[in-house]
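Below are the chains, spelled out letter by letter.
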Amino acid sequence: MNASFAELAARERLAAVVDAGSFHEWLPPSERVMSPHLAQLGVPAAFDDGVAIGRARLAGQAIFVAAQEGEFMGGGVGEVHGAKLVGLLRRALRDRPAAVVLLAESGGVRLHEANAGLIAVSEVMRALLDVRAAGIPTLILIGGANGCFGGMGIVARCADTVVMSDIARHAMSGPEVIESAHGAGEFDSRDRALVWRTTGGKHRWLTGDCDALVEDDPHAFRAAAIAALAVHRPMTLADLQQESALLQGRADVDGDNADAVELWSRLGVADAHGVPDLDADEVRVRRPAAMALLANGAA
Amino acid sequence: MAGMETLHYAFDGGRALPPFAPALVGVVASGNLEVLVESSPGTGCRIDVDTSARGFGPIWEAVLRDFHARHGLGGLVVSIHDMGATPAVVSLRLDQAISAIGGVTP
């Protein structure tokens, strides 16, 4: 219980989540499939362009897996990084693994690569939805210190299951981006308590945006991934309309863009003010039934 | 390649390692570096460095010469991507890389 998932590097996380020694990497660092853009900008590239992809076993089942390295360029998705994810997902359509598991840590598009990065992220979204539509369970594990933001934040919500730790963060625009655009009065990016209660794992769990809330522990992520291995959520028109209605209901409760604590309280979370100080176990049992409907109830 | 410096070093006369699988340690991040170690025939030890910090060639040479003196290994190619790691961090990463390929660290 001592190891922190957030403090591990991507490859260490990957090794800790899948069955021991089962990871076989495609396009490993020695292949040197690297960003063609960074060298032109005079920035050192990474041998794996910040993402490891391959096949592995999880509880004995054959899965495809990818892990993003948040320390390299903030996990930003460049052209090669994105192409590796897309290739993995397309191969999943052909080979039909038991699931595709993505250990996400990313600020979104790698701005150095501009349009190539934007296109790469949209291709990842499309490829992930294709895999999900083919009935292959897709899991996103979010637990890195950089969180999961921007285009990768959208990718995460395209998956069947999202697993987060209580210290993980998931959103579209990051705190600094919001502050830059709308001022510190709108969102003070240096207010850590505000940032975490607005984008953190507890908030995502209580409001139905993540499907499992775990402690910051590689074993806990592994257990949650195994529990969600067979979870597939169909995407029929009726399913999407139902989800849309639930989201509208949540937006109506929020109304005036309340602070997270106020929103939790309105949703019926007991002792909402105490939530930031609670362990993941204690928060897990407080999710309102209406918000559980939004998630898949995997945990 | 403005902004980046590429350095090459070669040391000979090391103890030739048997063939081994490539290993990667570290991450390209501020104050950090990644080190890829690969097998190569012979007793040579080639080290290629891409670094964002220009003008530190003599320090790299001292750190890498020290690495070769401590381990005395041949039959390997070491490739480094650096973002301004300090000499101590570079030495630790190199030791970690040798450990990762099953070699003994001093």
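Here, the structure is the one placed above.
Values in this document were obtained by computation on a predicted structure and should not be read as measured data.

The rules we used
Residues numbered from 1 in each chain as written. Chains lettered and ligands numbered in written order. Predicted model: local features only at pLDDT ≥ 70, side-chain atom pairs only at ≥ 80, totals over all residues. Helix = DSSP H or I, 4+ residues; strand = E, 2+ residues; numbered from the N terminus. Rg over C-alpha atoms; globule rule 2.2 N^0.38 Å. Buried ≥ 20, exposed ≤ 12 C-beta atoms within 10 Å, placed from the backbone. Contact = placed C-beta atoms within 7 Å. Nonpolar A, V, L, I, M, F, W, Y, C, P; charged D, E, K, R; others polar. Core = buried A, V, L, I, M, F, W, Y, C linked by C-beta atoms within 7 Å. Pairing = 2+ DSSP bridges. Axes fitted to C-alpha atoms, helices over the stretch in contact; angles between N-to-C directions.

(A) Quick look at the overall build of chain A. Secondary structure assignment for chain A yields 13 helices and seven strands. A compact globule built from 299 residues should have a C-alpha radius of gyration of about 19 Å, and chain A, at 19 Å, falls within 12% of that. Considered along the principal axes of its C-alpha atoms, chain A spans approximately 55 × 45 × 45 Å. Each of the 299 residues in chain A was classed as buried or not, and the buried ones make up 49%. Long-range pairs, those at least 24 residues apart, make up 74% of the contacts in chain A between residues at least 6 apart in sequence.

(B) Just the overall build of chain B, in detail. A tally of regular secondary structure across chain B gives two helices and seven strands. Ordered by position from the N terminus, the helices and strands of chain B form the series β-β-β-β-β-α-β-β-α. Scaling as 2.2 N^0.38, a compact globule of 106 residues should have a C-alpha radius of gyration of about 13 Å, and chain B matches this with 13 Å. Each of the three principal axes of chain B carries a C-alpha extent, and together these read 35 × 25 × 20 Å. Considering chain B as a whole, with its 106 residues, one finds that 37% of them fall into the buried category. Looking at chain B alone, contacts between residues at least 24 apart form 85% of all its contacts between residues at least 6 apart.

(C) Representation of the interface of chain B and chain A. Between chain B and chain A, the contact holds 18 residues from the first and 13 residues from the second. Mapped by element, the contributors of at least two residues to the side of chain B that touches chain A are β4 (33-39), β5 (45-51) and β7 (76-82) of chain B. A total of three residues in the side of chain B that touches chain A trace back to one element, the largest contributor, which is β4(B). Grouping the constituent residues of the side of chain B that touches chain A by class yields ten nonpolar, four polar and four charged.

(D) Structural view of the nonpolar core. All names here are of chain A. The biggest cluster of nonpolar side chains holds 110 residues, and the ones touching the most others in it are Ala66, Val100, Val101, Leu141, Ile142, Val163 and Ala225. At seven residues, helix α3 (residues 79-95) tops the list of elements feeding residues into this core. Not counting residues within four places of it along the chain, the set of residues in contact with leucine 141 comprises Val17, Val101, Leu103, Ala104, Val163, Phe221 and Ala225.

(E) Structural detail: the sheet that holds β7(B). Residue and element names in this part refer to chain B. The five strands lie next to each other as β1-β5-β7-β4-β3, forming an open sheet whose pairing is mixed. Every other strand in the sheet has two partners, leaving β1 (5-11) and β3 (23-26) as the edge strands with one partner each. Pairs of neighbouring strands in the sheet enclose a mean axial angle of 15°, with direction left out of account. Taken together, the seven bridges between β4 and β7 define a ladder with antiparallel strand orientation. Looking at β7, one finds that glutamate 34 is bridged to histidine 81. Where helix α1 (residues 57-71) meets the sheet, its contacts fall on β1 and β5, and the angle it forms with β1 comes to roughly 30°.

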